[in-house]
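Residues per chain, in single letters:
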Amino acid sequence: MKWEGNRQSDNVEDARAGGGGGRGGIRLGGGRGIGLGTVAIALVAGWIFGINPLTVLGLLSGGGAPMEVSQGPATKPPADDKMAQFVSTVLADTEDVWRAQFKQMGATYREPKLRLFRGAEPTACGTGQAAMGPFYCPGDEKVYIDLSFYETMRTRMGAPGDFAQAYVIAHEVGHHVQHLMGITAKVDGMRGRVSEAQQNGLSVRLELQADCFAGVWAHHAQSARQILEQGDVEEAMNAAAQIGDDNLQRKSQGQVIPESFTHGTSAQRVRWFKTGLQTGSVAQCNTFEARQL
Ligand SMILES: [Zn+2]
């Protein structure tokens, strides 16, 4: 991926200096999923690219201004930190693309923050743990990432490459776009009124749409700035495939239970990313009305 020298975002908050989880933070939801102590890879992978479980529980509603949470001090990332510069550049690129897309739809894009943390971090969605993988919290409109996740992707998940890393951010930003569009709130509103299998089905559609939105970003970034290099698309496709629910279940349990999927199969994730990438169209990402995922 060609990114060096491109604009970097001012919306990156570097909170890594204060990391480690010493500060209390707020805890909601009685320990469901969040704050798990064990770092079994299957479990880790299960949360990866997930929206926050508390969001799934419907404790948060979309719309309105982002919530103020009491968080430790954050600075701009140091200029010699290549990984942080990469993340800032990808975030800036998503800002440019989505600002234009929203304008086209007659709306205004509100940029999310991206907070770099280490270990644990208080968020409007409860305490974020590095073991959950990167996540987006609609409550405070921030993407959270512990950069050690990229190492996990490369060494333990078979998903190396800088464009695979960019895809992770673009997917989380995709959740932010869903939040701004009111999709997250709508899906949350249906929870509790439908069966668990139906809830999982909604979650899959939400995740696949975020994959599609990541593809929409890549499409426009490519046509405006020619960021892609040989093999980049394959890197992102591979990452999407490695984290499909079927693949993760097969690796962790040796069997596949489709009703329990919350993110979609490998083939579905690849397909929706590709749909966004090829069409560059938000309208083509309507996973909620798609007959075939
Ligand atoms: Zn996700």
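Re the overall build of the protein chain
Across its full length, the protein chain holds 10 helices and 6 strands. The proportion of buried residues among the 293 residues of the protein chain is 55%. Sequence separation of at least 24 residues holds for 77% of the intrachain contacts in the protein chain that already meet a minimum separation of 6. Surface exposure of the protein chain reaches about 12,500 Å², of which carbon and sulfur atoms provide 51%.

Here we look at the pattern of salt bridges
The tally for this structure, following the rule as stated, stands at 15 salt bridges. One salt bridge connects Lys76 with Asp10, and the closest N-O pair in it is separated by 3.3 Å. Of the two residues, Lys76 sits in the loop between helix H2 (53-56) and helix H3 (82-104) while Asp10 sits in the segment before strand S1 (12-14), which places them 66 residues apart along the sequence.

Overview of helix H5 (residues 162-180)
Compared with the 27 Å implied by 1.5 Å per residue over 19 residues, the 27 Å span of H5 between its first and last C-alpha is a close match. The element H5 is extensively covered by neighbouring structure, given that 17 of its 19 residues are classed as buried.

A look at the side chain of Ser281
Locating Ser281 in the fold gives a position in the segment after helix H10 (266-279). With residues near it in sequence (within four places) discarded, Ser281 still touches Val216 and Gly276.

Here's the deal with the sheet that holds strand S2 (residues 113-116)
Strands sit in the order S1-S2-S6-S5 across an open sheet of 4 strands; the sheet is mixed. Lying at the two open borders of the sheet, with one neighbouring strand each, are S1 and strand S5 (135-137). Pairwise comparison of adjacent strand axes, ignoring direction, gives a mean angle of 25° for this sheet. Of the strands in this sheet, S2, S5 and strand S6 (142-145) are in contact with H5, which crosses S5 at around 25°.

Points about the environment of Gly126
Note on placement: Gly126 falls in strand S4 (residues 126-129). In this structure Gly126 comes out as buried when scored by relative accessible area, which is 1%. Residues Gly126 and Gly139 lie 13 residues apart in sequence; the distance between their C-alpha atoms is 9.9 Å.

Concerning the packing of H3 against H5
Running from amino to carboxyl end, H3 crosses H5 at an angle of 40°, the nearest separation of the two axes being 10 Å. In terms of orientation, H3 lies oblique with respect to H5. Of the two elements, H3 crosses H5, and the hand of that crossing is right-handed. Across from Met83, Phe86, Val87, Val90, Leu91, Thr94, Trp98 and Phe102 in H3, the residues of H5 making contact are Asp162, Gln165, Ala166, Ile169, Ala170, Val173, Val177 and Leu180. Looking at the contact of H3 with H5 residue by residue, the class counts come to 13 nonpolar, 2 polar and 1 charged.

Some points on the pairing of strand S3 (residues 120-123)
Successive residues of a regular strand alternate their side chains across the two faces of the sheet. By the alternation rule, side chains of S3 split into Ala120 and Pro122 and Glu121 and Thr123, which are all buried. Alignment of S3 against S4, held across 4 bridges, turns out to be antiparallel. By the bridge assignment for S4, Ala120 is matched with Gln129. What sits between the antiparallel neighbours S3 and S4 is a turn of 2 residues.

What counts and how
- Residues numbered from 1 in each chain as written.
- Predicted model: local features only at pLDDT ≥ 70, side-chain atom pairs only at ≥ 80, totals over all residues.
- Heavy atoms only, no water.
- Helix = DSSP H or I, 4+ residues; strand = E, 2+ residues; numbered from the N terminus.
- Buried < 20%, exposed > 50% of the residue type's maximum accessible area, 1.4 Å probe, protein only.
- Contact = heavy atoms within 4.5 Å.
- Areas by Shrake-Rupley, 256 points an atom, 1.4 Å probe, with all protein chains shown as cover.
- Salt bridge = Lys/Arg side-chain N within 4 Å of Asp/Glu carboxyl O.
- Expected span 1.5 Å × (residues − 1).
- Pairing = 2+ DSSP bridges.
- Axes fitted to C-alpha atoms, helices over the stretch in contact; angles between N-to-C directions.
- Parallel < 35°, antiparallel > 145°, perpendicular 65-115°, else oblique.
- Left-handed = near helix turned anticlockwise from the far one by under 90°.
- Nonpolar A, V, L, I, M, F, W, Y, C, P; charged D, E, K, R; others polar.

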